[in-house]
Structure formats: structure tokens, C-alpha cells
Amino acid sequence: MNRTRNNPLADDLVRPLFHTSVWFYGAVLVLATVVLAGAAAWGYQLWYGIGVAGINWPVFWGFYLTNFVFWIGISHAGTLISAILRLVNARWRRPVTRCAEVITVFALMIGALFPIIHLGRPWLAFWLAPYPSAREIWPNFRSPLVWDFFAINTYLTGSLMFLLLPMIPDFALVRDRSTGWRKRIYGALALGWQGTTKQWHRLEAGMQIMAIAIIPVAVSVHTIVSFDFSMATVPMWHSTIFGPYFVAGAIFSGIAALIIAMAALRKLLHLESYLHPVHFENLGKLLLLMSLLWAYFVFAERLTVWYGNEPSEMAVFWATQRGDYAPLYWTMVICNFVIPLPILALRQLRTIAGTVVASFAVLVGMWLERFLIIVPSLGHKQLPYSWSSYAPQPVEIIIMIATFAAMVLLYMLFSKFVPIISIWEMKVGNQPHPPVVTTDEDELAGLWRARP
Amino acid sequence: MKAVYALYTDPHAAQRAVDELRALGVAERDIVVMSSEPFEEYEFSHRDKATWLHWIAGGGGLTGLILGYLLTSTTQKLWPLPTSGMPIVATWPNTIVVFEMTMLGAILATVTALLITASLPGRLSRLYDPAITEGYILVGVDGPSEELAARLDRALASVAGGQVKTIA
Amino acid sequence: MAHRWGMVVDLDRCTGCEACVTACHAENNIPTVGAEEAARGRAMHWIRVERYWEGEFPEARVKFRPVLCQQCDNAPCEAVCPTYASHQTDEGLNAQVYNRCIGTRYCANACMYNVRFFNFFHPQWEKPLQLQLNPDVSLREAGVMEKCTFCVQRIKAAKSGAKAEKRELVDGALQPACAQACPAGALVFGDLNDPESRVARLAESPRGSKLLEEHGAEPKITYLQRQGWHEPDAQ
């Protein structure tokens, strides 16, 4: 039930929960079909064997690992925006935080699927978990894949908490506005939140700690994903630059995904009064910064390789620069650098539409970058007799498209059941400037003893 | 037993109401203030601010660190399998797992302590009004004596801009 | 002293006939993947003969060498396996435990010699070829990595036979299938810790070098350089 009284903010942001158009159902149907097709493709692969994918000897990792790194990279959007901007008290973050955090959680879940999909015996994937098994053997903690398990699970737990905790007051709002089954469900989700001063302080303190904790976790996650590559003596993998390079690339692709998501939400949910062009401008400036940072890392890595002229590394270098992978490589450079740079640097072009165009280019470019890190190196290792190439098979392509559909579907469903912009944080942002706290008030504040 | 409270739209009015209740002699911990957003700049919001949450988070991190260290080093010694010429207890690779366990410990401790100290999940107390989530600030007392209730009623009504209500 | 199994490949004797490849397939139940899969680059030859062509006809020359698992002391494939399916034994072998393998294929990526192979599909033998399977070697299923084991089943059999007969192992009696089949005697297998063994003496040869030695994997297979032909001076 909508009560249009003195709370237009809540009215606007809660409207999608109570009103659904027929387009929504249609879109959900289409997306769900695509996701089901992906599930069917995976079932096909499970039944017939992973040989139905395009991987071979020695290119043992292909599309699935590319998508894994890509999605984990996308998941770095939420952390940067929510946690870092929260810590520096940037006011423009408020309408953006939940959009970003949702991307993180769903991108992580989708990304974490791919290590299971790419396994030869995925029904044994649980062997990566440390538990006392009847086989009396534990995971090998020296393996970067086990590090992945810990890092992604920690990040997923942290991001989920980071997303869910500030949702509690908004769930309380929806609870108080609904009746019947909705009231029961949102009442349960709100955990009995009342909004006492104690609860607000605990929530804010908890969010502060989470923001501080989640940033090193996010940095570690993509560093550890990069260690999947840099720990092996594969030419152009065994580079110390991979940790920072991957983290920068992740933030880069994450911001691009966030811009696209925000633009879509703004259009479809009519959030023009909450997501202003200035938000896109600011994110566009961050995207520009990340594009330059990405270009810096790529330049540093490639110059080092070219200068060293080590034969096996140069084979990979030329394969990407001038050889079979050159079309993909130069497309990547254009998408990640040439297209975004003018759009994001020139204020006239840094509009909402401009940043969205740049973001799409960046997503394409960053996906290609993951592919070009994995496949050319594996195809050109130290013994040239075993050099090979890789071509994706329909199974891999269908599953990849299905994960994109799954992301959009999950996002749409989320925005249908939870206010996509954090209502209470918007209200705090709209508060007038604080009055001066007098010494009397200070003394009164001291009346409250320290208690947890 | 009942509750007496008032709803205000203006935080200044809520502040005055809290001061009135204090003037009446109501104990600090009996004064209930609820709102749909934190009002950091107002004194009535400064109650309950001090917290041990940071220490709990640190303790959780320490626990995670110790557990991570024990997990990696102990299991590596249980069935020692040499790999790649690395030592059986591989300290440097283990630091990564230890780090993740530390952060996980801190995060889980924070969330658990947050929920417990904020009394979540919990039942809505008797003293609650759905108008709070619409932007009103509730100032009231739960379970006052009959005689106090009448004085509370007057005190809260004396602050302009509020609606005084009682829960029977 | 514990055994330390090693091998010497004499490139001067090797003719590239690939008898070793065939023998290895027979001994270790390695599936033939079929023409289509082989064209996709999924053939599984635990030992293979690599060929490199130089020059154009009629001056074309081919250089070839057998490449098999080097049983590295510092094997890059071992630490990256999340389930300890790849680890070092106390006799210096790099063990591949099929039951622990979940098929992440990281070990294959880490191996610079590309000597690890993956069962992309369930291996199949058309009847009556299943009758020639070696009962001493377990069959692998789809999704599992495999590679040369220095015919560990033969090593185990020889050791337990020697123990039962209360004698030492005789150098040269224990041979993996490839060494046994090689008509030129190019593959020499034995205990590197036995200074009298043929392999230990040949490993000291001045013609000896290790494959990709600079990468630090410390392989236990020594390749003896081919003695080149001298072109007669032009008349």
C-alpha cells in the first residue's frame, strides 16, 4: 500500500516492490529461458564429458576460466564504491551503494560457479573445502586454487553481510507499509528492527568496521585469482605485476558494470531524481582513471617482456601483437583505452549516454583481456612442438550467455523485492547541516556508559 | 501497563521532548527514542554510542588468525606430502589462507556482535508505531506507572509539533 | 639407501621410430582418442617424439627427441594441485593419484614440458581390444589427469619380487615399457642412487644436459646430445 504523505522518497523507491508491469514478467520469462538453456548446456557437458568444450592439449583453460576471472573482476564494483567512498565520507555515494553492492554479490556467485563448471569431475568440487574427511586428507593449502576457495568464500560472506545489513531498516519500512504475506515476509527479513538509537549506532559501527575489513579482502581476492596464473612458469604468466594488474583491471570492469546497471535502473525504474548526471560524471572520472591505470600496467608489462627478449615470452608477445590473436588484442586496446579516453576526458562527452557507451566498450575489452591472458600463453609454452590454439565450442558460448542473462535476471528480481536505492541512507544524506554541539550536550552524551 | 509516546517530524522537537522527559525525572534508560534514520548531529542520538564492537572485531580477527594457522600447519603435518620441493609446512603460501581466515573471523564476529547487541532478530516491542518508518521520530516511555503516565502525556504534549499517543 | 629412479635418453641412438610410444600405450592402458579428437589436439601420448623441421627441401633436416614426464625434483605441477593428486614420492617419482584428481588441469598448465594429459571423455576400447588391457594398471575415467609414471607398476612388482626372493634389484632388469621396447637402446632406466648403475654413469656423461634446465624444475631425465655428422668439404 502506498501512502503518499510527506515521504516521496520512500514512495518512489518502494514503488517497484508494489507495482509490476507486464514488461517485467516478459523480460523475466525471456531471461529465465536463456538461463535454463545454459543449465541444459551444462547438463549436456556433465553427461558427455568436459570434452564437449573447446579445451585441448595444452590449452587446458579457455572460456570458463576467462569468465571466472571476468565475473570476479566485475564483483569489485561494490567494494570500491561502497566501502572506500563510505570511509572517505563522499556524499554522492548514497544512491549508488546498494546498486553496486548487489552487483558484487551476484557477480561473485556467478563467478564462483565457473570453477565448478570447468572441473573434470565437478561432483567432487567439495574436496577443496577443509573438512575432516574419511579419506583422511585435507586440501593442499599451497595451491592457488585452495586460496581461491578461501578468498572467494570470505569475500562472498563479507559482501553479502555488507549488502544485507543496511537493508534491514529498509525492510522495516516495507514491512510497515505492507499487509498480509508481504508483511510477514518483510517482517521476518527486518529481524524486528525498530530504529532505536542503540540499533542505529550498532549498525553504523558495524558498517564502518565492515567497510574497513572488506577492502583488503577485495584486494586479496583478485590478487589470489591472479596467482592462479602467476604461480605457474608459463610465459607471460609468471610476472610479479599480475597482482596489482588484476586488481586494477577488476575495479576497472566493475565500475563499467556499475555505470551500465545504474543507467538501466535510472531508465526503467524512473529514478531520474535520485541518480543524477553528476553521479555518472563522477563514476566516469573514476573509469577514466582506471583506464589510464590499466594502460600503464599493460605498457609496463609488455615493455618489460619485449626488452628482455626471452624466446618463450616473445612467442606469446608476438602472437598477441601481430600473430593470430592480434585482431582480438587490438580490439581490446581500442575498447579499453582508445574509445573510453576521449569520452570520459571531455566533459561534453561525459554524459550518461557517453559513460554507458564507454562502459560497454570497457566490458568487451576487459573480457578480451582475460581471454588474451589465458589462451595465447597456454598455446605457446616453452616447447614449440606442443603449441596449439583454441576455439570455443557451443557449450561454452551458451553457458557464457546464460550467465550474463542470469546476472540481469537476478538484478531485476532483486530490484523487484528490495529497494534498489538505500532509503535511510538517502534520508541521512538529505539532512540539513548539523547544529553546533554545545558543551552541555557533550556532558549529557557522557551520561551514557560504555556498553556494547 | 501501557506506553506513552509522541511522534515528531522535526528532530529539534524530538530533542526538546527528550529534555522534557529528563526534567520529569524519567531515568535515561527508560526514555525510548526511535527513528527511521540516524540523527548523528542531535544529542538525543548520542546515547548508546560507545561500543566494544571494534574490539570484538579485532578479537574475531585474532581468532581467525589462530584458527587459520592451526588449520594449515596441522593438516600439512598430519599427512606430509612433499610438493614442488616446498617445505611440508609451507609458511609463505599458508599466510594467504591465514589472512583470509583472519578477515573472515573479523567479519563474522562483527556481524554476530552487531546482531546480538542490536537485539536482532527480535520481536517488535509493544512500544512501536509504523509511522516511524514514514519519517516520524518516536519519543516515549514504556510501562510507566499510572501517575507518571498522566504527567508524561502533558510533558510530551507541551512540545509543539507532535502527536501524543498511548498504547493501552 | 632409497632408490632414486631416473632415465637417460641417448639422442644419438634414437631413431624416432616411436616404438616407445606404442609400448607405453599398451602397458599403461592409454586410450587412443580417435582421429577427430587427435585432430583437436587431444591425443594422449605419455611419451611422445617431438619433431622440429629446419630448412627447406632438399636441405631439410629434422631434429627429434622423445619427451616424457621428467619426474622433476622441483616439479611445478605438484604444489598447484588442490587435492594432492600430484606429489613427490620418497623415491623421487612424481606420483599422480587418479582417485584424488578432480580435474582442475592446473598441473598441466604449470608443466613446462606439456607432459600431462587429460581424459576429456570416458576412455573406451572397442571390443575385443579391451582384452589387451594391462591388469596391473588402473583405468582412468573422464575428468582425470594422467601422465608417465616410469611404469610404477613394474617398479612395485620388481621391488616386491626382489624382497620376496631376499635379493637386491638387478640394474637393467627393471625397465619401463618404453625402455624395454626401444630397439636402439636409447632409453636407459635405473637407480640414480646406485653409482654402479648404467643410468647413473651415463647421467654423468659430458654429452648430457637436461631439458629446459634453466627453469629450475630439476628434471631427472638426462638427454645425451646427438653426435653430429661432419659435412665433407666441398670438392
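From a predicted model like this one, the values you see are computed outputs, not experimental measurements. Per chain, the residues get numbers from 1 upward, laid out in the order the sequence is written. Chains and ligands are labelled by the order in which they are written, letters from A for the one and numbers from 1 for the other. Given that the model is predicted, a residue must reach a pLDDT of at least 70 before its local features are reported, and side-chain atom pairs must reach 80 or more before they are shown or counted; all residues, however, enter totals for whole chains, interfaces and linings.

Trainee: What am I meant to see in the overall build of chain B here?
Mentor: In terms of helices and strands, chain B carries four helices and four strands. From first element to last, N terminus to C terminus, chain B shows the α and β order β-α-β-α-α-β-α-β. Taken over the C-alpha trace, chain B has a radius of gyration of 25 Å; the compact-globule value for 168 residues is 15 Å, which it surpasses by more than 25%. With the principal axes as the frame, chain B shows a C-alpha extent of 80 × 30 × 30 Å. We call two residues in contact whenever the C-beta atoms placed from their backbones are within 7 Å. Of all intrachain contacts in chain B linking residues separated by at least 6 positions in sequence, the fraction that spans at least 24 positions is 80%. The secondary structure listing takes helices from DSSP runs of H or I that are at least 4 residues long and strands from runs of E that are at least 2 residues long, numbered from the N terminus. To get the radius of gyration, use the C-alpha atoms; to get the globule rule, take the number of residues to the power 0.38 and multiply by 2.2 Å.

Trainee: Please clarify how the overall build of chain C should be interpreted in this entry.
Mentor: Each helix and strand counted, chain C has seven helices and 10 strands in total. Relative to the compact-globule value of 18 Å for 235 residues, chain C shows a C-alpha radius of gyration of 19 Å, a close match. Each principal axis of the C-alpha atoms in chain C carries an extent, and together these give about 65 × 50 × 40 Å. Within chain C, the proportion of its 235 residues that are buried is 43%. Here the C-beta atoms are placed from the backbone, and a residue counts as buried if at least 20 other C-beta atoms lie within 10 Å of its own, exposed if 12 or fewer do, and partly exposed otherwise.

Trainee: Looking at this model, I keep getting lost on the interface of chain A and chain B. Mind explaining?
Mentor: For an interface, size is often stated in terms of accessible area lost upon the parts coming together. In this assembly, 57 residues from chain A lie in contact with 57 residues from chain B. Among the elements of the structure, α6 (144-164), α7 (167-177), α9 (197-230), α17 (423-430) and α18 (439-446) of chain A are those that each provide at least two residues to the side of chain A that touches chain B. When its residues are assigned to classes, the side of chain A that touches chain B shows 32 nonpolar, 15 polar and 10 charged. Gly counts as polar in this scheme, as do all residues outside two lists: the nonpolar Ala, Val, Leu, Ile, Met, Phe, Trp, Tyr, Cys and Pro, and the charged Asp, Glu, Lys and Arg.

Trainee: I would appreciate a short explanation of the sheet that holds strand β8 (residues 187-191) of chain C in the present structure.
Mentor: Hydrogen bonds along the backbone pair up the strands of a sheet, which may run parallel or antiparallel. All names here are of chain C. In space, the four strands of this open sheet follow the order β8-β1-β10-β9, with mixed pairing throughout. Two strands lie at the open edges of the sheet, namely β8 and β9 (208-210), each paired on one side alone. Each strand axis lies, on average, 30° off the axis of its neighbour in the sheet, ignoring direction. When DSSP finds two or more bridges between a pair of strands, those strands are recorded as paired. With three bridges connecting them, β9 and strand β10 (residues 221-224) associate as antiparallel partners. Bridge pairing links Lys210 to Thr222 in β10. Lines are fitted to the C-alpha atoms to define the axes, a helix being fitted only along its stretch in contact, and any angle between axes, read from their N-to-C directions, falls within 0 to 180 degrees.

Trainee: Quick question: what am I supposed to make of the environment of Gly41 of chain C here?
Mentor: Looking at the element boundaries, Gly41 of chain C is found in the loop between α2 (35-39) and β2 (48-54). The class for Gly41 of chain C is partly exposed, based on 18 C-beta atoms found within 10 Å. The contacts of Gly41 of chain C, once residues within four sequence positions are left out, are Asn56, Trp57 and Ser388 of chain A.

Trainee: What should I look at first to understand the interface of chain C and chain B in this one?
Mentor: With nine residues of chain C at the interface, the matching set in chain B holds six residues. Contributing elements (two or more residues each) for the side of chain C that touches chain B: α3 (76-79) and β4 (86-88) of chain C.

Trainee: Looking at this structure, I do not really get the domain arrangement of chain B. What am I missing?
Mentor: The domains assigned to chain B are domain 1 (3-48 + 125-167) and domain 2 (53-117). An automatic or database domain assignment supplies the start and end points of every domain. Taking only C-alpha atoms into account, the centre of domain 1 of chain B sits 46 Å from that of domain 2 of chain B.

Trainee: What exactly am I supposed to notice about the sheet that holds strand β3 (residues 137-142) of chain B here?
Mentor: Residues and elements named next belong to chain B. Across the sheet, four strands lie side by side as β2-β3-β1-β4; this open sheet has antiparallel pairing. Both edges of this open sheet fall to β2 (31-34) and β4 (162-167), since each of them pairs with a single strand only. Strand-to-strand twist across the sheet, computed as the mean angle between neighbouring axes with direction ignored, equals 20°. Of the strand pairs in this sheet, strand β1 (residues 3-8) and β3 are connected by six bridges, and their pairing is antiparallel. By the bridge assignment, Leu7 is partnered in β3 with Leu138. Here helix α1 (residues 11-24) sits on the sheet and contacts β1, β2, β3 and β4; the angle it forms with β3, its principal contact strand, is near 15°.

Trainee: Even after reading the chapter, I still don't get the nonpolar core, so can you show me in this structure?
Mentor: By convention the nonpolar core is taken to be a set of buried residues drawn from Ala, Val, Leu, Ile, Met, Phe, Trp, Tyr and Cys and joined through C-beta atoms within 7 Å. Counting 222 residues, the largest nonpolar core has Cys99, Ile103, Phe252, Ile255, Leu258 and Leu287 of chain A together with Leu187 of chain C as the members making the most contacts within it. Broken down by element, the residue count for this core peaks at 16 residues, all from helix α10 (residues 242-268) of chain A. When sequence neighbours within four positions are dropped, the list of residues in contact with Phe252 of chain A reads Met290, Ser291, Trp294, Val362 and Met366 of chain A. Val32, Tyr136, Val139 and Val159 of chain B belong to the second-largest nonpolar core, a separate cluster that totals 26 residues.

Trainee: Which parts of the structure should I look at to understand unusual backbone geometry?
Mentor: For residues other than glycine, phi is negative in most cases, and the peptide bonds are mostly trans. Residues and elements named next belong to chain A. Cis geometry is adopted by the peptide bond preceding Pro58, which originates at Trp57 and carries an omega value of 0°. Checked against the element boundaries, Pro58 lands in the loop between α2 (22-48) and α3 (63-74). The backbone of Glu136 sits at a positive phi, close to 60°, despite the residue not being glycine. Mapped onto the fold, Glu136 is located in the loop between α5 (97-117) and α6. Note on Glu136: 8 C-beta atoms within 10 Å, which makes it exposed.

Trainee: Got a minute to help me understand α17 of chain A in this structure?
Mentor: Structural remark: α-helix, 3.6 residues per turn; residues separated by three or four positions point the same way. Of the positions making up α17 of chain A, those classed as buried are Ile423, Trp424, Glu425 and Lys427 of chain A. Its buried side turned inward, α17 of chain A meets α1 (8-18), α5 and α7 of chain A.

Trainee: Explanation requested: the packing of helix α13 (residues 326-338) of chain A against helix α15 (residues 352-379) of chain A in the structure shown.
Mentor: The packing of two helices is summarised by the inter-axis angle and the distance between the axes. All names here are of chain A. With their axes 8 Å apart at the nearest point, α13 and α15 run at an angle of 145° to one another. Helix-helix and strand crossings are classified by hand; for α13 and α15 the assignment is left-handed. Residues Leu328, Tyr329, Thr331, Met332, Cys335 and Asn336 of α13 lie in contact with α15, whose contacting residues are Ala361, Val362, Val364, Gly365, Met366, Leu368, Glu369, Phe371 and Leu372. Residue composition of the contact of α13 with α15, by class: 11 nonpolar, three polar and one charged. Left-handed describes a crossing whose near helix is turned anticlockwise from the far helix through less than a right angle; right-handed describes the clockwise counterpart.

Trainee: What am I meant to see in the environment of Leu133 of chain C here?
Mentor: Residue and element names in this part refer to chain C. Turning to its location among the elements, Leu133 is positioned in the loop between β6 (116-118) and β7 (145-147). Of the residues examined, Leu133 has 13 C-beta atoms within 10 Å and is grouped as partly exposed. Non-local contacts of Leu133, meaning those with residues more than four positions away in its chain, are made with Asn29 and Trp125.

Trainee: Even after reading the chapter, I still don't get helix α16 (residues 394-417) of chain A, so can you show me in this structure?
Mentor: All names here are of chain A. The end-to-end C-alpha distance of α16 is 34 Å, a good match for the 34 Å that 24 residues give at a rise of 1.5 Å each. For α16, the complete set of buried residues consists of Val395, Glu396, Ile399, Met400, Ala402, Thr403, Ala406, Met407, Tyr411 and Ser415. For α16, the elements touching its buried residues are α1, α2, α3, α5 and α10. Here the expected length of a helix is defined as 1.5 Å per residue gap, with one fewer gap than residues.

Trainee: When you look at the packing of α9 of chain A against helix α2 (residues 53-78) of chain B in this model, what are you seeing that I'm missing?
Mentor: Close contact between α9 of chain A and α2 of chain B brings their axes to 10 Å; oriented N to C, the two are set at 40°. In terms of orientation, α9 of chain A and α2 of chain B fall into the oblique class. Both α9 of chain A and α2 of chain B take part in a crossing whose hand is right-handed. Across from Arg202, Ala205, Gly206 and Ile209 of chain A in α9 of chain A, the residues of α2 of chain B making contact are Leu53, His54 and Ala57 of chain B. Of the residues assigned to the contact of α9 of chain A with α2 of chain B, the class counts are four nonpolar, two polar and one charged. Here is the rule for angles: anything less than 35 degrees is roughly parallel, anything more than 145 is roughly antiparallel, 65 through 115 is roughly perpendicular, and the remaining ranges are oblique.

Trainee: What is the right way to read the confidence of the model for chain C from this model?
Mentor: Parts of the model with low pLDDT should not have their predicted coordinates read in detail. Confidence in the prediction for chain C averages 93 pLDDT; 97% of positions are at 70 or higher. The complex model carries a pTM of 0.93, and its ipTM stands at 0.92. For every residue, the pLDDT score states the predictor's confidence, bounded by 0 at the bottom and 100 at the top.

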